[in-house]
Amino acid sequence: MNKMVGLWAHPRSRSTVLERVFIERGDFEVFHEPFAHMAFSADSAIPSDEWDHTLPTTYAAIKEQLIQAQARSHVFHKDMCYHCLDDLKVDLGFLAQQENIFIIREPASSIVSHHRVHPDMPLQAIGHKALYEIFCVVTKLIGKVPYVINADDLAADPERVIGNLCEHLQIEFLPHAMTWKRECPPQWKTWRSWHVAAENSERIVWPDNSTLEREVFDQYPKLKAMYEYHRTFYARMNEFCQ
């Protein structure tokens, strides 16, 4: 039976560059934030680019698209839990039919990165709380802690982290998938402005970022409040990183 791998993330968690590895593998059909199309439209305030009006926009239709894809090939989809939280946390059947992987990034870094792209993001869009809620649902569902990746570990030692993930998923580690051409995959076009660094990358690297979070927090007190709210959920999940 074909695998379905769901990578559940929060914004600015380096989930897109991990997704790129699965695009490069060539043995998975990859969906980029499909549930975002039930949360947003081309008219939403969130920055978007080439909106694809052919994609489904309801939870049921998006789920069916993924299930149909699984019938023909392995499927990898990554999304933000806050896009579909209410539907997802009660849909145990859908969660049970896939391998649920979680990625987290220290919220000070992810919040500052998020602010650069979308300064008016609301509290729930930081995403750690929603991610933790689904993490708890999956833990209870499968009777053990699901697989969690820390984004800093991924950036620091991508071969080890991806190798361990492949072992967990019982798929072959493919070295060729660790490098790629600088280009925008078709899956990213709607949200292209969010993935400039990933589009211009050739592999997973530790970012060159000289901005100190505390300086940004001093300038924007709202961001510090967001950090205080979400850091507990990050800390809880970080205890279980592989």
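Definitions and cut-offs
Residues numbered from 1 in each chain as written. Predicted model: local features only at pLDDT ≥ 70, side-chain atom pairs only at ≥ 80, totals over all residues. Heavy atoms only, no water. Helix = DSSP H or I, 4+ residues; strand = E, 2+ residues; numbered from the N terminus. Rg over C-alpha atoms; globule rule 2.2 N^0.38 Å. Buried < 20%, exposed > 50% of the residue type's maximum accessible area, 1.4 Å probe, protein only. Contact = heavy atoms within 4.5 Å. Areas by Shrake-Rupley, 256 points an atom, 1.4 Å probe, with all protein chains shown as cover. Lys, Arg positive; Asp, Glu negative; His and termini not counted. Charge placed at Lys NZ, Arg CZ, Asp CG, Glu CD. Core = buried A, V, L, I, M, F, W, Y, C linked by side-chain atoms within 4.5 Å. Disulfide = S-S within 2.5 Å.

The name given to the protein chain in an unreviewed UniProt entry is Sulfotransferase family protein, with Pseudomonas kairouanensis as the source organism.

Draft legend 1. Geometry of the overall build of the protein chain. When helices and strands are tallied, the protein chain shows 12 helices and 5 strands. For 242 residues, the compact-globule estimate of 2.2 N^0.38 gives 18 Å, and the C-alpha radius of gyration of the protein chain, at 17 Å, lies within 12% of that figure. Summarising its shape, the C-alpha atoms of the protein chain cover approximately 50 × 40 × 35 Å along the three principal directions. The buried share among the 242 residues of the protein chain stands at 50%. For the protein chain, the proportion of contacts with a sequence separation of at least 24, taken over those separated by at least 6, is 80%. Summed over its atoms, the accessible surface of the protein chain is roughly 11,400 Å², and 49% of this surface lies on carbon and sulfur atoms. Each charge class in the protein chain can be summarised by its mean position, and for the 25 positive and 33 negative side chains these summaries are 2 Å apart.

Draft legend 2. Structural context of the nonpolar core. Among the nonpolar cores identified, the biggest contains 74 residues, and Trp8, Leu18, Phe22, Phe102, Ile149 and Leu154 are the most heavily contacted of them. Once you skip the residues sitting within four places of it in the chain, Leu154 turns out to touch Arg14, Val17, Leu18, Ile103, Ile149, Val161, Ile162 and Ile204.

Draft legend 3. Spotlight on the state of the cysteines. Applying the stated criterion across every chain, the model contains 0 disulfides. Just so you know, Cys81 is unpaired, no disulfide at all, and the nearest cysteine sulfur is the one on Cys84, 6.5 Å from it. Under the relative-accessibility criterion, Cys81 is labelled buried at 1%. Considering cysteine sulfurs only, Cys136 is the nearest to Cys241, which forms no disulfide, with 14 Å between them. For Cys241, a relative accessible area of 22% corresponds to the partly exposed category.

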